[in-house]
Amino acid sequence: MSRQVFSKTAKGLYLISLASILGACNHKAPEQQNTAPKPVSAAADNATAVTIESGKGSVEITDAVKPWPDDAPADVPRYPYGTIRKIIRTETPEGNSWDMAIERLPEHALLDYEAVLKAKGFETTSMIVPEKEGDRGSVTGIKGAITVVLIGSGGSMSLSIIQKQ
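Reading the values: rules and limits
Residues numbered from 1 in each chain as written. Predicted model: local features only at pLDDT ≥ 70, side-chain atom pairs only at ≥ 80, totals over all residues. Heavy atoms only, no water. Salt bridge = Lys/Arg side-chain N within 4 Å of Asp/Glu carboxyl O. Helix = DSSP H or I, 4+ residues; strand = E, 2+ residues; numbered from the N terminus. Buried < 20%, exposed > 50% of the residue type's maximum accessible area, 1.4 Å probe, protein only. Phe/Tyr/Trp six-rings, centres within 6.5 Å; stacked < 30°, edge-to-face > 60°. Contact = heavy atoms within 4.5 Å. Arc of directions from axis to C-beta. Pairing = 2+ DSSP bridges. Core = buried A, V, L, I, M, F, W, Y, C linked by side-chain atoms within 4.5 Å. pLDDT = per-residue confidence, 0-100.

Asks: Would you take a moment to explain the pattern of salt bridges for this structure?
Replies: Scanning the entire structure with this criterion turns up four salt bridges. Across the pair Asp71 and Arg89 runs a salt bridge whose closest N-O atoms are separated by 2.3 Å. Remark: Arg89 occurs in strand S3 (residues 83–92) and Asp71 occurs in the loop between strand S2 (57–66) and S3; sequence separation between them is 18 residues. Classification of Arg89 by relative accessible area gives buried; the value is 17%.

See below:
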């Protein structure tokens, strides 16, 4: 594995870990109350977002159910399966990336999205193992300066979009 690929992989895993820790820190212990809870409007925005900026770029972590990042590259087909629970957006001089934690996937989500990537002109490589709980493995799609990586097992996965400058 090249040093550059290892470095990018390590950074991505670090950011996902950081997002998980920050999300866990956001949870508060339930308070004892004798009053009934107030109803919450269905349109209420319960999203939590944290932005970390440095001299070399920024990282934005959104902990919310979202259908798809609004600023993701248009060439990347929307991921139509499951529920996106967390989005980490990284902006650096080398490019941008979007890392998503997705859960509640149907049985053949990896295999089906690989077909969608191919239909959009992405060159793909994959290692998919069908199991009782659903597909397990990875799919990588490359098209020009855009790389899409899915890694999943059973009912959850991570999807990363990397766009080089």
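Moving on from the model shown.
Asks: Just checking my understanding: could you explain the packing of aromatic side chains for this structure?
Replies: Each aromatic ring pair is characterised by the separation of its centres together with the angle its planes make. Within this structure, the stated rule accounts for two aromatic pairs. With centroids separated by 5.2 Å and ring planes inclined at 80°, the aromatic side chains of Tyr79 and Tyr81 adopt a geometry described as edge-to-face. You can call Tyr79 buried: its relative accessible area is 4%. Cluster of aromatic residues (ring-pair linked, three or more members): Tyr79, Tyr81 and Tyr113.

Asks: Looking at this model, I keep getting lost on the environment of Leu117. Mind explaining?
Replies: You can see Leu117 is positioned in helix H2 (residues 109–119). Leu117 gets classed as buried once you look at its relative accessible area, which sits at 0%. Taking the C-alpha atoms as reference points, Leu117 and Lys143, separated by 26 residues in sequence, lie 9.4 Å from one another. Other than its neighbours up to four places away in sequence, Leu117 contacts Pro77, Phe122, Thr124, Val139, Gly141, Val148 and Leu150.

Asks: Got a minute to help me understand H2 in this structure?
Replies: Ala109, Leu110, Tyr113, Glu114 and Leu117 are the residues of H2 that are buried. Burial along H2 is one-sided: seen end-on, the buried residues are contained in an arc of 130°. The inward-facing, buried residues of H2 abut strand S5 (123–129), strand S6 (136–143), strand S7 (146–153) and strand S8 (156–164). Just downstream of H2 lies Gly121, where phi reads positive at about 95°.

Asks: What exactly am I supposed to notice about the pairing of S6 here?
Replies: Remark: a regular strand shows side chains that alternate across the two faces of the sheet. Pairing of S5 with S6, which is carried by seven bridges, proceeds in the antiparallel orientation. The partner of Thr124 across the bridge, within S6, is Gly141. Hairpin connection from S5 to S6: six residues lie between these consecutive antiparallel strands, with Gly134 at a positive phi of about 125°. Here S6 hands over to S7 after two residues, with Gly144 in that stretch at a positive phi of 60°.

Asks: Honestly, the nonpolar core in this entry has me stumped. Any pointers?
Replies: Most often, soluble globular proteins keep nonpolar side chains buried together rather than apart. Formed by 23 residues in total, the largest nonpolar core has its most connected members in Trp68, Tyr79, Met100, Tyr113, Leu150, Leu159 and Ile161. The set of elements that each furnish at least two residues to this core consists of S3, strand S4 (95–103), H2, S7 and S8. Among the elements that take part in this core, H2 stands out by supplying four residues, more than any other. Ignoring anything within four residues of it in the chain, the contact list for Met100 reads Trp68, Pro69, Ile84, Lys86, Ile87, Met157, Ser158, Leu159 and Ile161.

Asks: Mind showing me how you'd approach the environment of Lys66 here?
Replies: By secondary structure assignment, the location of Lys66 is in strand S2. With 18 residues separating them along the chain, Lys66 and Ile84 place their C-alpha atoms 5.7 Å apart. When neighbours within four sequence positions are excluded, Lys66 is seen to be in contact with Ile84 and Ile87.

Asks: Is there a simple way to think about the confidence of the model for the chain in this case?
Replies: Predicted coordinates in areas of low pLDDT are best not read in detail. Per-residue confidence for the chain gives a mean pLDDT of 77; residues scoring 70 or more make up 71%. Between residues 17–45, whose pLDDT stays under 50, and residues either more than four places distant or in other chains, the model counts 11 contacts.

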